[in-house]
Amino acid sequence: MLPTLNGRIQTRIFLLVVVGGIWTLLITPVLPVDLPLADRYRVTFIVLLTVLVFGIVWEFIYHFIQQFRWEKDWPTLFGLVTAVNEGALVWVLLELGVVPGISSPVPLGAYLLQFLTTWIVVWLVANGPMRVPFIHWRFRGGRLI
Amino acid sequence: MREDTIQLPGAAVAPDPPRNQAPQRGDLTQELLETDWWSDDAVARAGIPVVDVPFVSVGGGIGSFVTVDYLRICGVPTSAIKVLTQLEHPWESYEYLTRVSQIPRKERLRSDSASCPDNIWGFPSYAVREAMATKSIKPLWHVLMEPIFTDYWTPKAGQAFESMEKEYHRIAYPETVVKGQVRMVRRRIGGGYFTILTPPEGAAPTRRIAYRSRYVHLAVGYPGLKFLPDLQEYRETHRDYGSVVNAYEPHEQIYQRLHAAPGTVLVRGGGIVASRVLQRLIDDRDARGLQTQILHSFRTFVTGSHGPNIWMRRRGGDGWAYQGFNYPKSVWGGQLKARVRKLEGQARADLYGQFGGTNTPWRRNWQRQMRRGRREQWYHPFQGEISSLAPGPKGMVNVTLTTPQGPRQFQVIAVIDCTGLEADIREHRVFADLLDHGGAGRNVLGRLDVERSFEMRGTRSEPGRMYASGSATNGGYFPGVDTFLGLQIAAQEIADDLTKLGFCAPLGPLRSTSQWWKWARGKRI
Amino acid sequence: MGFDVQRAVVVAGDGVVARFPGVLCVARCPDPGPLRHLLELCEETSGDSPGRTLAKRLASWLAGPDAPDEELVFGTVAAAGEQLAVFLAGPVSVEVAGSGLALSGTDAASWTDRLLPLPDSPVVLALAGVAPRPEVAIDVLDLRGGAVPGAGVVLLNGPAGGEQAHPLAERGSRTVVKRPPPEKRKTGEQRVEAPRRRPEMVAPAPPVESWQNEPLEPSVPEGFSADEWFSKESGGPSAPDGSDTRTPPEALPRIDPLTDPGHGHGNGVNGLNGVHGLNGVNGTHGGSNGSGASNASNGVGHTLGAEAPPLANSGRHAVLAESLPKINGSAVPEQQSAEPVEQTPPEWAPAEQIPEQIPEPVGAPGLDAETELAEIPEASSVASPPRAPRRAEAILGVAPAEPVRAPLEDGNPVGARGAVAAPESPNGLDPNGLDSGAVRDDQQARGHLCARGHLNDPRSHFCVLCGIRMNERTGVLVVGQRPPLGLLVFDDGATYTVDAEYLVGRMPEADTRVRSGALRSIVVEDRSGAVSRVHAEIRINGWDVLITDSGSRNGTFIAGPSEPGWTPLPPGRPRRMVPGTRVRMGGRTFVFESPSGVR
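Summary of the structure given here. (Residues numbered from 1 in each chain as written. Chains lettered and ligands numbered in written order. Predicted model: local features only at pLDDT ≥ 70, side-chain atom pairs only at ≥ 80, totals over all residues. Heavy atoms only, no water.)

## Comments concerning the overall build of chain B
Basically, it comes down to this: Strands are runs of DSSP state E lasting at least two residues, helices are runs of H or I lasting at least four, and both sets are numbered from the N terminus onward. Between buried and exposed lies partly exposed: a residue is buried under 20% and exposed over 50% of the maximum accessible area for its type, with that area taken using a 1.4 Å probe on protein chains only. Contacts are residue-level and defined by heavy atoms, with any inter-residue pair within 4.5 Å sufficient. To be clear on the numbers: accessible area is Shrake-Rupley with a 1.4 Å probe, and residue cover counts the displayed protein chains and nothing else.
The helix and strand tally for chain B stands at 16 helices and 23 strands. Relative to its 525 residues, chain B shows a buried fraction of 60%. In chain B, the proportion of contacts linking residues at least 24 apart, taken out of those at least 6 apart, comes to 66%. Looking at chain B as shown, the accessible area adds up to about 20200 Å², and 52% of this sits on carbon and sulfur atoms.

In structure tokens:
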């Protein structure tokens, strides 16, 4: 990927909202958590939102790291590897209970399932078909508008 | 008296010239040559037949192909496009150069996996397609791990050509091709342009044909390589075309000579061509057990990371500067592209200078070979510049180099020059004419000045536009022009501009997706 | 030189008459294919002194594998330096009027190939049985270039447009005079040629001017009868062997229109015997003219002179006279009486002198003298650059050809193919070789120039010297020094540059061709003795390198660049080598490589 800061943020928002949202809609019913459906959806979407919000902060950090690279590119692998830190952070926040809107503790397995699958799906779309409908996207550093 | 006519070779006889016409009907007249803006009747007076077509692309190489591909996907019919070229296929010139510089079809280019000249979306990328074709996960793994744990993955030359050929047929590109040599492009009074084509001998009744079009696109490639003066001089003086060669011309005889007898070869230059030549020499050496000695002279010997500041440091070592591709990757859509797009004048030139310079990719196999060569002492890189070349006994060449340690002399069987320079745009007749009569200008790096939309600045003939893409536009708002992806990016800018002018349909998400789906099915459009 | 300046009058017939710079050709063949080939050959070799080259090419064509069948009969006459090269195949003949020299293709089993000294008198090249007939407006006729129907051509010595008696008319033969030849030239050829010839035809300005100041009139006055005229011209139909059109009675000396004092035709012709150097082109000899002319006039007596009332000529000679500035009025009338005329140095007389000089005794009405003495439109004079005037223009009183324009940047190739490469023919002889018109004698070849002026193979993409892309040039084929075409790299590392032709073998010096220096030698040693003494030849044809097995004992084997196995080379048949071709002889191999990249 060859993102600019602006592009990173736009892409993150778009992908998490659209692709992440759709995926969360699909996967929530099958998560191993014993909550009524409505609550499940509430939790998963709040998790998604949290990832999104903190992700934007992370993007700034990634951008900074990227500056050390001569090519100014963000290798594809990094997109996967950053799942670790982002997931860890959100998990920590969840455990600490500071995420608004989530009262009961979230089971790790369910969280991992949601987080990792969403991440991978988003990653696949970003490195795959995203460039088909949005032909300018990859030449504008990830900017959609 | 014989009644039948005798068919003589050569062009058919031109019709009788009317009085006071050009010396030859159907050819350029002095009046046409001298005026910058042509009127329809001036062209008619010269007897040059006029063909009307909205869009003309000059060049016929990969630049034209990619642009026509884009326009076809945007819905422009083949009847509205004409490509004026001398090439048989768009990739002909490129394939010739890669072949002689030791990248035959089965070797890998220096191009990103997502730079697909046959596919404007870059999806699926070459790596994915190779993985699907070979039913192996290796390319996918490679692309995943690049560039940290593996070298950058690059496609094989053959894959690029074969995929281009499929797309070539899919978009009915051959229907747009007109063979001939373009002599000049001039602006038309009333809007649009005249492109003068010289068809092949005997193909047309007149010497020239004029294509009247609203839009013209120039993608003629670079005028050629300029062999360095000492190489030219050596050839002219000693009529020895076989010992001192440029890597971009066929020079197989040197490898053949090394097969036959041990010898020393001097390689000059530090770019990808030098890397490929070294690989060839070393591969031959290994495969046949030869005793080749390789001397490698660098004009600038890079010993480590180098760069102006901590944010711009490029790797280097053992004389080489390492960079994955011809340019830093972010020129093709990332930070550098955005940065250069905003700069003007000297600031832009300076930035080009910073990430320019000869460089080569870091490839593990090459590094291994060179390390072994240094250790076993048959590969000697050093800093030096050739100061004189003279023929020696038994077909050898006496080379004198100036090095930091003083002048050195060697007797080698061949000198392979991997530093050919590209010629100036003025060496190309069409560009020279545009600079003189077309209103075109030069940019900060001395090449053709184009806007961000790749319209040639100064050549507008409302409602027409003249565009240029490819290496002739290097130094403009977009770096990386002479690459596959660079040509596609230029094509996109041009198509966007044409969409604004109403020539082609906009490629929004829906249309783009449906066109992609047609591509995936191989459906002809 | 003089060849292109000379006037060529076509004799009607059922063949083809063609003229190219330095070459005149007459041919007949029911099948246009061989005709075309012949004309291409003539055209490619045309230029300055093509005689020897043309002869060699024709010979090798006739002796080669694709020789035409007996149906093609042809003859060529070409300039070869100071001589005339004649090549005849079949029932075609060449005669030099007046010298008794006659050659016929039927005298030889294969072909006739001779060098004649540059004759002073007209040369007739014609198919057998063709009798040139005198025609009315004979002086207007001139084929400058191109191919036209015809069965013969008369090459009249002296500058084009020069006043000369028709040589055959001398003998009282009949020449069919055509309308001014429709010069079917290739597009642009004439234009390109004209400038080129111009320098050759440069005369000191004054002679040209006055020549064009001649009072000439296009129409034939009434009462004129060609026969009469010609009989007088020739000294009567009873001119010796007038019935035999093939053999000029004796050598017809070259007529110098500008110095011919106006003898009777034959006289006039002969009269200029001694004044070779004096022709319209280099009429610079001063006093010598006079004496020469006197000699010439003396010579007159020896030649046809018998009945040589100068009648028809007189006017002409008067015209000639007028171009001799110092000829006083008296000299001219004397001419009329067919007496020796003193030629005065050729400063040309002003036009006005002429009318005075037409004496009554000239008699023959409607002499073209009179016609010629009509006022000459001024327009036809000097505005044009110094070149010998064309007879047609002067007589017809039309303006000369348009003033020369600077040739357009990319002129048409002089009748040659453009940049499109010709396909390779099956026996390995590339037609392109013909197009390139390579001359084996030296290293000249026809190719394209790159933007920097280096000669290259027309098929190559990049210049081999400087690397610039070749597509920039249009298809103008130019002749120049050919760069080396490649290298032969042997399996022992020995490398030979292919810029000359080689003989390869164990002992190539044994061959006369190597000893004479025509071929260079490559000594190939093979322990197994499988390499013959003379094993193979490496030849150059145009831009192609060909290998021919010279009938070696164990044969020569060849493999293309990507072919895995060896194929034997049939002896005697040249095969083109592309870069990467490998050749095996005995136990030794070599490979041909080339920087041009042309496959």
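## Things to note about a negative patch on the surface
All names here are of chain C. Here is the rule we go by: Here, patches come from residues exposed beyond 30% relative accessible area and free of salt bridges, joined within 9 Å for like charges and within 5 Å for nonpolar side chains (Val, Leu, Ile, Met, Phe, Trp, Tyr). By definition here, a salt bridge exists when the distance from a side-chain nitrogen of Lys or Arg to a carboxyl oxygen of Asp or Glu is within 4 Å. Charge counting follows a simple rule: Lys and Arg are positive, Asp and Glu are negative, and His as well as the terminal groups are ignored. Charge positions are represented by NZ for Lys, CZ for Arg, CG for Asp and CD for Glu.
Together, Asp-31, Asp-69, Glu-70 and Glu-71 line one region of the surface with negative charge. The residue Asp-31 is located in the loop between strand E3 (23-28) and helix H2 (32-45) in this model. You can call Asp-31 partly exposed: its relative accessible area is 40%.

## Side note on empty space enclosed by the protein
Rule in force here: A 1.4 Å probe that fits but cannot get out identifies a cavity on a 1 Å grid over protein atoms alone, an open set with protein on both sides within 12 Å along at least five of seven lines counts as a pocket, and a residue lines either if it has an atom within 4 Å of a point. Grid points are joined across faces, edges and corners, and a volume is the space filled by probe spheres set on the points. Here the nonpolar group is Ala, Val, Leu, Ile, Met, Phe, Trp, Tyr, Cys and Pro; Asp, Glu, Lys and Arg are the charged ones; every other residue, Gly included, is treated as polar. Domain ranges listed in this record stem from an automatic or a database domain assignment.
Here the structure, examined in full by the defined rule, presents 13 cavities of 30 Å³ or more. Of the voids in this model, the largest cavity is the one considered here, and its volume is about 360 Å³. If you trace the largest cavity, you find 20 residues lining it, with Met1(A), Arg12(A), Glu59(A), Trp119(A) and Ala126(A) closest to the centre. The greatest single-element share of the lining of the largest cavity, amounting to five residues, is contributed by helix H1 (residues 5-27) of chain A. Split by residue class, the lining of the largest cavity holds 11 nonpolar, five polar and four charged. One number sums up the size of the second largest cavity: a volume of about 170 Å³. If you go around the second largest cavity, you meet 18 residues; those closest to its centre are Asp457(C), Leu485(C), Trp543(C), Ser594(C) and Ser596(C). Of all the secondary-structure elements, those providing two or more residues to the lining of the second largest cavity are strand E20 (544-549) and strand E23 (575-577) of chain C. Its residues assigned to classes, the lining of the second largest cavity shows 11 nonpolar, three polar and four charged. There are two domains that each give the lining of the second largest cavity at least three residues, and those are domain 3 (431-481) and domain 4 (487-593) of chain C.

## Side note on the pattern of salt bridges
Residues and elements named next belong to chain B. Counted under the stated rule, the structure contains 54 salt bridges over all chains. A salt bridge links Asp-112 to Lys-329; the shortest N-O distance between them is 3.6 Å. Of this pair, Asp-112 sits in the loop between helix H4 (92-100) and helix H5 (126-134) while Lys-329 sits in the loop between strand E16 (320-322) and helix H11 (335-342), and the two are 217 residues apart along the sequence. Taken individually, Asp-112 and Lys-329 each receive the classification buried, so the pair is uniform in this respect.

## Looking at the sheet that holds strand E25 (residues 588-593) of chain C
Short version of the rule: Strands are treated as partners if at least two bridges between them are detected by DSSP. Axis geometry follows a simple rule: fit a line to the C-alpha atoms, using only the stretch in contact for helices, then measure angles between N-to-C directions, giving values from 0 to 180 degrees.
Strand order in the open sheet formed by six strands is E16-E15-E25-E24-E21-E22 (chain C), with antiparallel pairing between adjacent strands. Edge strands, defined here as strands with exactly one partner in the open sheet, are strand E16 (495-497) and strand E22 (567-569) of chain C. Going from strand to strand, the sheet's axes swing by 25 degrees on average, the running direction of each strand aside. Here strand E21 (residues 556-559) of chain C pairs with E22(C) via three bridges, running antiparallel. Within E22(C), the residue paired with Ile558(C) across the bridge is Thr567(C). Helix H9 (residues 252-260) of chain B rests against strand E15 (487-490), E16 and E25 of chain C of the sheet, and its axis sits at about 20 degrees to E15(C).

## Side note on the sheet that holds strand E13 (residues 455-456) of chain C
Residue and element names in this part refer to chain C. On the basis of which strands lie adjacent, the open sheet formed by three strands has the order E13-E12-E14 and antiparallel pairing. Two strands bound the open sheet, and with one partner strand each, they are E13 and strand E14 (478-481). Judged from the two bridges that link them, strand E12 (residues 444-449) and E13 form a sheet pairing that is antiparallel. Its bridge partner lying in E13, Leu-449 is registered against Leu-455.

## Side note on helix H4 (residues 108-126) of chain A
Inclusion rule: The span one expects for a helix is its residue count, reduced by one, times 1.5 Å.
Given a rise of 1.5 Å per residue, 19 residues ought to cover 27 Å, and the 26 Å separating the end C-alpha atoms of H4(A) matches this to within 8%. Every buried residue of H4(A) is listed here: Ala110(A), Tyr111(A), Gln114(A), Phe115(A), Thr118(A), Trp119(A), Val122(A), Trp123(A), Val125(A) and Ala126(A). Structurally, H4(A) contributes buried residues whose contacts are with H1, helix H2 (37-66) and helix H3 (76-96) of chain A together with helix H6 (138-145) of chain B.

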